[in-house]
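Residues per chain are reported as follows:
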Amino acid sequence: MRNFFIISLLIMGLINSAPSVIAQEAVDYPLLSQGSIEPPPPPPGYAVTLPPLEPVAKTSEFVPPSPPVQPDSGDASEVPESGRFSQSFQPASLPDSAVSVQIISSELAEQVMRLVRSLKTMRTLLDKPESAVEIRRIQLTSSICARLLDLKGFPEPTIFMAGAGDKVLRDRSFGAVEYRYYGDFDNRVNGWVKPVETAVYIDLVFDGRSRRRTHVRAHITRSGSLTGAFYAYSWDARGNPWKMQGSMEGIFVHDDGLPAGGVLKVYGSDPSGKSMGLILNFPVKIHAQVEPHKKDTRHREGQRVSIENR
């Protein structure tokens, strides 16, 4: 009888503590009823201030060196005017219309295309909210930024997989989608995706194996050029934070995934405090890439060639 009484007290204590645990989880993962639609601030613990990349200052006007001193070879009056060293050098200057194009490596271009693909997925996630492929691309945003900035030792997250019985919650009043412990046992996602006028706001938290966590927050335009900002933070098994953030402005994308115009800024820092930054102004050129030869598709008289009427 005494053992039964003790077991009953333990069960009642667990039942009373259950609401506090649920409330703690609700605060940890803000959903539509608690989340904000303002541009998200960095999560707690962001103690490293990333230095902004200042543009390189223009160098002063080139001043040519003075001509060498001629040796004394006698009377200078005997040297004709054409033989004397009196040439004046003029500094070469580029015309104002000249535009400099950045040159990047093929590896960097591959990572840029992967990052842009992840950012574009934030637009299409509302159309396919149950797609594990779409969610996985967003989950890998911080990992791609770490490779883009060459930050070594980034903890690669486990692959996100959606369970067969998992369902998403749709909020028809806002046209939004909520995730509550969505995914397989090894990786779960909590958060929401919400359209607001011409933008899409995302707040997703991925909890993986060994206390690994990835938090992605972003706001991006729903159509047209890619414009917006994102934050992607990851923690390893020891709780060390990796902080990635960036912004897009007027980015248009080629068919191959490489941006054709706009500005992309990416910043990041590792747990040791090392900070890196990258600013790319598109279009860019890929080093050692041979441009394809453009075939002439016009007739010898200047008219377009019609394949059907050849």
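## Overview of the pairing of strand β7 (residues 226-235)
- Most of β7 is tucked away, with eight of its ten residues classed as buried.
- Counted along the chain from strand β6 (residues 213-221) to the antiparallel partner β7, the turn is four residues long, and its residue G224 has a positive phi close to 75°.
- Note: β7 against strand β8 (residues 241-253), nine bridges, orientation antiparallel. Paired with Y233 across the two strands is K243, which belongs to β8.
- Linking β7 to β8, which pair antiparallel, is a turn of five residues; within it G239 sits at a positive phi near 85°.

## Quick notes on the packing of aromatic side chains
- For the structure on display, the rule yields five aromatic pairs.
- With a centroid separation of 5.5 Å and 75° between ring planes, the pair formed by F154 and W242 is classed as edge-to-face. Placement of F154 in the loop between α4 (141-148) and β2 (169-171) and of W242 in strand β8 is noted, with a sequence separation of 88 residues between them. Per residue, the accessibility class of F154 equals that of W242, and both read buried.
- Taken together, the ring pairs in this structure connect F160, Y179, Y182 and F206 into an aromatic cluster.
- For the cation-ring pair, K194 lies above F174, with the distance from its terminal atom to the ring centre recorded as 4.0 Å.

## Side note on the pattern of salt bridges
- What the rule picks out here adds up to six salt bridges.
- Between E134 and K128 there is a salt bridge, with the nearest N and O atoms lying 3.2 Å from each other.
- Linking R217 and D203 is a salt bridge whose minimum nitrogen-to-oxygen distance equals 3.1 Å. Remark: D203 occurs in strand β5 (residues 199-207) and R217 occurs in strand β6; sequence separation between them is 14 residues. Across the pair, D203 and R217 agree in class, each one buried.

## Some details on the nonpolar core
- Counting 50 residues, the largest nonpolar core has V112, L115, Y179, L204 and M244 as the members making the most contacts within it.
- Sort the elements by how many residues they give to this core and helix α2 (residues 106-124) lands first, with eight residues.
- Residues in contact with M244, not counting those within four places in the same chain, are S142, C145, A146, L149, L151, F154, Y231, A232, Y233, Y267, G268 and S269.

## Re the environment of G273
- Topologically, G273 is positioned in the loop between β9 (259-269) and β10 (275-282).
- Note: C-alpha distance between G273 and W242 (31 residues apart in sequence) is 9.4 Å.

## Notes on α4
- In terms of burial, α4 is largely enclosed, as seven of its eight residues are buried.
- By the burial criterion, the buried members of α4 are T141, S142, S143, I144, C145, A146 and L148.
- Looking one or two residues beyond α4, the residue adopting positive phi is D150, at roughly 60°.

What counts, and where the lines are drawn
Residues numbered from 1 in each chain as written. Predicted model: local features only at pLDDT ≥ 70, side-chain atom pairs only at ≥ 80, totals over all residues. Heavy atoms only, no water. Buried < 20%, exposed > 50% of the residue type's maximum accessible area, 1.4 Å probe, protein only. Helix = DSSP H or I, 4+ residues; strand = E, 2+ residues; numbered from the N terminus. Pairing = 2+ DSSP bridges. Phe/Tyr/Trp six-rings, centres within 6.5 Å; stacked < 30°, edge-to-face > 60°. Lys NZ or Arg CZ within 6 Å of the ring centre and 35° of its normal. Salt bridge = Lys/Arg side-chain N within 4 Å of Asp/Glu carboxyl O. Core = buried A, V, L, I, M, F, W, Y, C linked by side-chain atoms within 4.5 Å. Contact = heavy atoms within 4.5 Å.

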